[in-house]
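# Tertiary structure, described
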Amino acid sequence: QVQLVESGGGLVQAGDSLRLSCAASGFTFFNYGMGWFRQAPGLEREFVAGISWAGGSTKYGESVKGRFTISRDNAKKTVALQMNSLKPEDSAVYYCGAAASFDRVQTPTGIAYWGKGTLVTVSS
């Protein structure tokens, strides 16, 4: 049974940092590109960051470049999102996703497996 379980969300103030983690099971983790997406109320799910199977390639959404960092540990089957200098507009439910390739991880339609999400709220 495929599972992606996010953790680390919470309520923080603007300027704070937060680290999200996603634990994977039930599929061959190192064969998949991994990504983080977010969705705020009333908005479409938005690409945040993606990482290739070996971690050698990363890509970020324009709104988070320079503030967020994605990383993965294939031995532990986890992917993390370090979020710094958080802004109120970063508030959303953050989802972890797995895709068959690095290109596919950059769009919601390319994701094969989704987690259930973790809520991040940034107060001003």
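To be clear, the structure that these remarks concern was listed above.
Right, let's walk through the structure included here. (Residues numbered from 1 in each chain as written. Predicted model: local features only at pLDDT ≥ 70, side-chain atom pairs only at ≥ 80, totals over all residues. Heavy atoms only, no water.)

### Examining the overall build of the protein chain
Short version of the rule: What counts as a helix is a DSSP run of H or I of at least four residues, what counts as a strand is a run of E of at least two, and both are numbered from the N terminus. As a reference, a globule follows 2.2 Å times the number of residues to the power 0.38, and the radius of gyration itself is taken over C-alpha atoms. Type-normalised accessible area, obtained with a 1.4 Å probe on protein chains alone, sets the label of each residue: buried when under 20%, exposed when over 50%, and partly exposed for intermediate values. We call two residues in contact when some of their heavy atoms are within 4.5 Å. Values of accessible area rely on a 1.4 Å probe in the Shrake-Rupley scheme; residue burial ignores everything except the protein chains shown.
From N to C terminus, the protein chain includes 0 helices and 11 strands. The N-to-C order of helical and strand elements in the protein chain reads β-β-β-β-β-β-β-β-β-β-β. Against the compact-globule benchmark of 14 Å for 124 residues, the protein chain has a radius of gyration of 13 Å, which places it among compact chains. Dimensions of the protein chain, computed from C-alpha atoms along their principal axes, come out at roughly 40 × 30 × 25 Å. Per-residue burial for the protein chain yields a buried fraction of 40% across its 124 residues. Long-range pairs, those at least 24 residues apart, make up 58% of the contacts in the protein chain between residues at least 6 apart in sequence. When the accessible surface of the protein chain is split by element, carbon and sulfur atoms take 49% of a total near 6,300 Å².

### Regarding the nonpolar core
Convention followed: Only buried residues count toward a nonpolar core. Its members are Ala, Val, Leu, Ile, Met, Phe, Trp, Tyr and Cys residues joined through side-chain atoms within 4.5 Å.
The biggest cluster of nonpolar side chains holds 29 residues, and the ones touching the most others in it are M34, W36, L81, M83 and Y94. Apart from the residues lying within four places of it in its own chain, the contact partners of Y94 are E6, L20, W36, F37, R38, V48, F68, L81, M83, G117, T118 and V120.

### Concerning unusual backbone geometry
The phi angle at K77 is positive, at roughly 60°, despite the residue not being glycine. Note that K77 resides in the loop between β7 (68-73) and β8 (78-83). Its relative accessible area of 36% is what places K77 among the partly exposed residues. At S85, a residue that is not glycine, the phi angle is positive and equals roughly 50°.

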